[in-house]
Amino acid sequence: EAAVTQSPRNKVAVTGGKVTLSCNQTNNHNNMYWYRQDTGHGLRLIHYSYGAGSTEKGDIPDGYKASRPSQENFSLILELATPSQTSVYFCASGDAWGGGQNTLYFGAGTRLSVL
Amino acid sequence: GDSVIQMQGQVTLSENDFLFINCTYSTTGYPTLFWYVQYSGEGPQLLLQVTTANNKGSSRGFEATYDKGTTSFHLQKTSVQEIDSAVYYCAMRDRTGNYKYVFGAGTRLKVIA
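Residues numbered from 1 in each chain as written. Chains lettered and ligands numbered in written order. Predicted model: local features only at pLDDT ≥ 70, side-chain atom pairs only at ≥ 80, totals over all residues. Heavy atoms only, no water.

If you had to explain the overall build of chain B to someone new, which residues and values would you point to?
When its secondary structure is counted, chain B shows zero helices and eleven strands. Written out in order from the N terminus, the α and β elements of chain B read β-β-β-β-β-β-β-β-β-β-β. A principal-axis box enclosing the C-alpha atoms of chain B has dimensions of 45 × 30 × 20 Å. By element, 47% of the accessible surface of chain B is carried by carbon and sulfur atoms, the whole surface being about 5300 Å². Across chain B, the mean location of the 9 positive side-chain charges is 7 Å away from that of the 9 negative side-chain charges. (Helix = DSSP H or I, 4+ residues; strand = E, 2+ residues; numbered from the N terminus. Areas by Shrake-Rupley, 256 points an atom, 1.4 Å probe, with all protein chains shown as cover. Lys, Arg positive; Asp, Glu negative; His and termini not counted. Charge placed at Lys NZ, Arg CZ, Asp CG, Glu CD.)

What follows is the structure in structure tokens.
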């Protein structure tokens with residue numbers, strides 16, 4: 001069973017503080033993704049990665065950085081958190097297109113509140 | 001750029017009612033279309049994938065088809081149950097090598113017993 005684990009599950013941060021959201025996958029997938037989920041907007045892509053050492057900007061990257069130190073781990077970093085970044089964040093993994101499986105496997109999400 | 005429009009933000013039905021959710025897509029590539037379902041407190045999970053126009057995908061009593069001519073795709077179920085209450089997302093991925101998925105805004109389905 002494909003597994004994507006996010007930590008923490010809930011986080012309260014202060015404006016201007018640094019926040020790191022972590023994601024670990026045991027699927028041996030090359031691709032990993034960070035999305036945020038907001039009512040009326042659905043899932044919007046922040047950053048993604050093709051493999052260890054790579055990070056790419058998604059559709060809404062401003063205010064976020066990403067790090068992929070290994071095949072298994074993908075982090076989302078908010079260097080200076082703002083209240084507008086209050087949201088639910090989802091990490092996902094998936095095979096590269098030629099891998100045969102097109103499914104995205106999501107973690108359970110991290111609820112972030114920036115006060 | 002690629003886009004997916006999902007207009008129905010919330011749908012409330014009674015048990016055994018018919019469900020129909022529609023999305024439209026825009027791409028210059030060759031899309032594979034998906035439906036993901038998200039139950040309360042969980043991450044989204046794949047419900048259906050539809051690769052070929054006018055072919056149906058089916059799972060758990062749900063069916064999905066897409067019409068290349070109108071660039072639309074829809075999800076339907078003949079008789080919904082309370083356990084189907086969830087958020088349903090349509091999504092698209094370009095088969096020409098783009099690694100990005102594009103999701104619709106989601107439809108929150110509430111089924112009343």
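This is not the end of the story, as more comes after the structure.
So what's going on with the interface of chain B and chain A? Residues and values would help.
For an interface, size is often stated in terms of accessible area lost upon the parts coming together. Opposite the 20 residues of chain B that make contact, chain A presents 23 residues. Joining chain B to chain A, the criterion identifies three residue pairs in polar contact (both at pLDDT 80 or more). Of all elements in the fold, only strand 4 (31-38), strand 5 (45-50), strand 9 (86-94) and strand 10 (101-103) of chain B reach the threshold of two or more residues within the side of chain B that touches chain A. Looking at side-chain class alone, the side of chain B that touches chain A contains nine nonpolar, six polar and five charged residues. (Contact = heavy atoms within 4.5 Å. Polar contact = N/O pair within 3.5 Å; in protein donor to acceptor, adjacent residues only side chain to side chain. Nonpolar A, V, L, I, M, F, W, Y, C, P; charged D, E, K, R; others polar.)

Which residues make up the pairing of strand 3 (residues 19-25) of chain A, and what are the values?
Residue and element names in this part refer to chain A. Of the two faces of strand 3, only the one carrying Val19, Leu21, Cys23 and Gln25 is buried; Thr20, Ser22 and Asn24 on the other face are not. Sheet topology places strand 1 (residues 4-7) next to strand 3; four bridges connect them, and they run antiparallel. Across the sheet, residue Gln6 finds its bridge partner in strand 3, namely Cys23. (Buried < 20%, exposed > 50% of the residue type's maximum accessible area, 1.4 Å probe, protein only. Pairing = 2+ DSSP bridges.)

Kindly report on the state of the cysteines, identifying the contributing residues and their values.
Under the counting rule described, the total for this entry stands at two disulfides over all chains. Between the sulfur atoms of A:Cys23 and its disulfide mate A:Cys91 the distance is 1.9 Å. Handedness of the A:Cys23-A:Cys91 disulfide follows from its S-S torsion of about -80°: it is left-handed. Residue A:Cys23 is found in strand 3, and its partner A:Cys91 is found in strand 9 (residues 87-94); the two are separated by 68 residues along the sequence. Since its relative accessible area comes to 2%, A:Cys23 is described here as buried. Owing to a relative accessible area of 0%, A:Cys91 belongs among the buried residues under this scheme. Disulfide pairing places B:Cys23 opposite B:Cys90 at an S-S distance of 1.9 Å. Handedness of the B:Cys23-B:Cys90 disulfide follows from its S-S torsion of about -85°: it is left-handed. (Disulfide = S-S within 2.5 Å.)

Could you give an account of the pairing of strand 2 (residues 10-14) of chain B, with specific residues and numbers?
Residue and element names in this part refer to chain B. The two faces of strand 2 differ: Val11 and Leu13 on one face are buried, but Gln10, Thr12 and Ser14 on the other face are not. Pairing analysis gives five bridges linking strand 2 to strand 11 (residues 107-112), with the strands arranged parallel. When the bridges of strand 11 are listed, Leu13 appears paired with Val111.

Residues and numbers for the sheet that holds strand 7 (residues 62-67) of chain B, please.
All names here are of chain B. Read from one edge to the other, the open sheet built from five strands follows the order 1-3-8-7-6, with strand pairing classed as antiparallel. Two strands close off the open sheet at either side, each with one partner strand: strand 1 (3-6) and strand 6 (57-59). When strand polarity is set aside, the average angle formed by the axes of neighbouring strands in this sheet is 20°. As paired strands, strand 7 and strand 8 (residues 72-77) are joined by six bridges and run antiparallel to one another. Of the residues in strand 8, the one forming a bridge with Thr65 is His74. (Axes fitted to C-alpha atoms, helices over the stretch in contact; angles between N-to-C directions.)

Give me the lowdown on the environment of B:Leu19, citing residues and values where you can.
Residues and elements named next belong to chain B. Along the polypeptide, Leu19 turns up in strand 3 (residues 19-26). Taking the relative accessible area as the measure of exposure, Leu19 reaches 1% and is therefore buried. C-alpha of Leu19 to C-alpha of Val4: the two residues are 15 residues apart in sequence and 20 Å apart in space. Those residues within four positions of Leu19 in sequence are excluded, and the remaining contacts are Leu13, Phe62, Leu75, Gln76, Lys77, Val80 and Leu109.

Lay out the pattern of salt bridges with the relevant residues and their values.
Applying the stated criterion across every chain, the model contains four salt bridges over all chains. The closest approach of N and O atoms between A:Asp38 and A:Arg44, which form a salt bridge, is 2.9 Å. In this structure, the salt-bridge partner of B:Asp84 is B:Lys77, at a minimum N-O distance of 2.8 Å. Here the residues in one salt-bridge network are A:Arg36, A:Asp38 and A:Arg44, joined through shared partners. (Salt bridge = Lys/Arg side-chain N within 4 Å of Asp/Glu carboxyl O.)

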